[in-house]
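Examining the three-dimensional arrangement
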Amino acid sequence: MNAAGGELPRVRADSGGQALTTNQGVPVADNQSSLKAGLRGPALLKDFILREKITHFDHERIPERIVHARGSAAHGYFECYEPLPDLTCASLFAEAGKRTPVFLRFSTVAGERGSKDTARDIRGFAVKFYTDQGNWDLVGNNIPVFFIQDAMKFPDLVHAVKPEPHHGMPQAASAHDTFWDFISLMPESMHVIMWAMSDRAIPRSYRMMQGFGVHTYRFVNAEGESKLVKFHWNPRLGTHSHVWEEAVKISGADPDYHRRDLWEAIEAGEYPEWELGVQVFDEAQADRFSFDVLDSTKIVPEELVPITPIGRLVLNRNPDNFFAETEQVAFCVAHVVPGIDFTNDPLLAGRIHSYVDTQISRLGGPNFHELPINAPLAPVHNNQRDGMHRQAIHRGRVAYEPNSLAGGCPFQAGAAGYAPFPEPIAGDELRGKPEKFAEHYNQATLFYESQAGHEQQHIIDAFSFELSKVTVPGIRRRMVAMLRNVAEPLAAAVAANLGMPDLPEPLPRANPRPVKPEVTRSEFLSLHSRPGEGGIRTRKIAILVTDGVDSAGVAQAAQALIAKGAVVRLVGQHIGLIKDHAGQPLDVDASFKNSPSALFDAALVPDGGAVDALCADGLALEFIRDQFRHGKALCALGAGIRLLEQAGVSPDSADGGVIVAKNAGKTGMMRFIEAVARHRHPERESDPPKV
Ligand code: HDE
């Protein structure tokens, strides 16, 4: 789409109705056999058709991204709610209802291009806005803070988390020595580590996670006045996550889980949507905060500066070609438009350099902006010329400015051009950090204290798992010593899980003087603060079936769920046809073997004598047990309750997530739908419940 809602310019290569050709357009008669001297003779060097085909194939791969290699993306639009002339002159915020095309790529950070989607990791949330003033890339993450305060440390961080260089393990995992060795020596990472060990790092779907610009940016209005801003994306479907065991099982059952989830939702017309909001504040306010807004390891709590919604983003079209679009898209923090500017965040400074630089080796030269997915909709006129893979054919002899031979064109835009905010700068050249950067623990504690009971338990479990994979005891001890500065109960629980009876002394703090935080508990930091709209829309629900099933009850239940937007799948002992109670054929979508429980948000067991066969099937029992253990809603109709009992699931479960009804009538189904809409029933995880 262009700014007016049309299509992005794309080079199309549709081959419908066309004969096969070489890259030179020469028709190919035979695409099966190479040219040989005799049927059993040697292949001939002059076979340019074979050589062109193989040579091109040999060069099909490009280097993967050095981080965020694994990703999935979609097209859509951003729609502005109201004009924001007081805040910014950026044209995408100039009119109510104005739509700007976007391309949004989600990613994991550490894993390689072919790695699993459900690794414990931060997710990238990179948005390219094709505005009428040029491209703006807001390259963010699903977690609002980062590991390090200064770009200088980025290569160290990435070397520490990537597979260890001697044996190339582990893939897409932070649970190894080098990562925790580095972190245990970097107290500034403690805040983001709390997020990374929380359920935020195992989202249920890209469609159900927040996005953050992370750094403090600037809005600049037409008068040249500036305000500081933090960008927030909030998903319409709310924030929801997996539990760890589920994420692990999904890695095996469907490593493409998030890619498939995004693709299928868009194909089904269930367009994912986020609201863009900003926290706006000025320098005087920022100076009074107990933390520095130039420090990307800190949030600005919403209690201090609330979020103002300014627009919405809708993803409504899947890419036509993964390589041409998702792989070749080149996001760049330096891509800003008039009205948006940087601050002096020292992490941001390194990023402004890094993103263009990395594309030069990844995409093979300086002309990657000409690839269709990267090309702005705003026209490009300048005197940059040539370079590898140049697409544009410039006319004329003038490639310099000033000139008279081309009438002085292209000329400088002057006041209409991008003008940086004239921030006064004074200071000596030096390497070092501002004073407030030295406080490392307050917001880590804030995050931990703001979680629900089961969310805290998940953080304890995640630390315990990750550190249990660390082979060097000294690293484990340093981490526990650091955790003591975050929350003593957390440190004690992790130490106990690591079999560490004597707690190490808390790690000495970089800043020994206590800094009083403004906020010590924030409801916004728990995933539960944003349950979202939409009830059970796009939730995947399994109906367990086998020969003899009551198909009328199945149809009635399925209709009730589909009417609320759920995706229903019949799951049985095999795919294909079974016979219902009346001997009629019923088509089964999935089997317990090809689609285990972890792939579904909820399950329903229908009525009928067929339940006995399921009760004798180990995989069916495991399906029910996993649904229960992972906190998901379960519904048993009539005799279906026998399967729950056989699996050891108590229908009296106090959490309201196990529904028993006589049939698929309205009352029972409404209760089930409500239970699925709660997403998860974590009360089951502790006894007594402490949610
Ligand atoms: Fe990145 N980052 N990053 N990063 N980053 C890249 O750029 C870098 C940082 C983020 O879907 C690379 O094109 C430095 C913070 C996303 O294509 C590279 C520093 C945040 C993506 C790079 C950071 C991010 C990247 C690798 C510290 C959240 C994927 C390939 C100074 C606000 C974009 C590429 C996509 C990708 C450098 C820190 C988010 C090497 C030097 C903080 C979402 O240029």
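Residues numbered from 1 in each chain as written. Predicted model: local features only at pLDDT ≥ 70, side-chain atom pairs only at ≥ 80, totals over all residues. Heavy atoms only, no water.

An order of β15-β12-β11-β16-β17-β18 is seen for the six strands of this open sheet, with the pairing classed as parallel. The sheet terminates laterally at β15 (590-591) and β18 (658-661), the two strands that pair on one side only. Taken together, the five bridges between strand β11 (residues 540-544) and strand β12 (residues 567-572) define a ladder with parallel strand orientation. Of the residues in β12, the one forming a bridge with Ile543 is Leu570. The sheet contacts of helix α18 (residues 666-677) involve β11, β16 (602-605), β17 (633-637) and β18, and relative to β18 the element is tilted by about 170 degrees. (Pairing = 2+ DSSP bridges. Helix = DSSP H or I, 4+ residues; strand = E, 2+ residues; numbered from the N terminus. Contact = heavy atoms within 4.5 Å. Axes fitted to C-alpha atoms, helices over the stretch in contact; angles between N-to-C directions.)

All right, on to the side chain of His458 then. Mapped onto the elements, His458 comes out in helix α11 (residues 453-468). Of the polar contacts made by the side chain of His458, one reaches the side chain of Asp199; its length is 2.7 Å. When sequence neighbours within four positions are dropped, the list of residues in contact with His458 reads Met197, Asp199, Val243 and Glu685. (Polar contact = N/O pair within 3.5 Å; in protein donor to acceptor, adjacent residues only side chain to side chain.)

What the protein offers the iron atom of the ligand as a donor is a single atom, Tyr355 (OH), at 1.9 Å. Note on placement: Tyr355 falls in helix α9 (residues 346-362). (Donors = N, O, S within 2.8 Å, 3.2 Å for Na, K, Ca; no water.)

Let us look at the packing of aromatic side chains. Note on aromatic pairs: each is described by the distance of the centres and the angle between the planes. Taken as a whole and judged by the stated rule, the model has 27 aromatic pairs. Centroid distance Phe93 to Phe219: 5.7 Å. Interplanar angle 70 degrees. Geometry classified as edge-to-face. One end of the pair, Phe93, is in the loop between β1 (71-80) and β2 (99-108); the other, Phe219, is in strand β6 (residues 217-220), and 126 residues separate them in sequence. With respect to burial, Phe93 and Phe219 carry one shared label: buried. (Phe/Tyr/Trp six-rings, centres within 6.5 Å; stacked < 30°, edge-to-face > 60°. Buried < 20%, exposed > 50% of the residue type's maximum accessible area, 1.4 Å probe, protein only.)

What follows deals with the side chain of His232. Inspection of the secondary structure assignment puts His232 in strand β7 (residues 226-235). By relative accessible area, His232 is classed as buried at 7%. Within the structure, the side chain of His232 is placed 2.8 Å from the side chain of Gln279, a separation counted as a polar contact. Apart from the residues lying within four places of it in its own chain, the contact partners of His232 are Gly211, Phe212, Glu275, Leu276, Gly277, Gln279 and Ile307.

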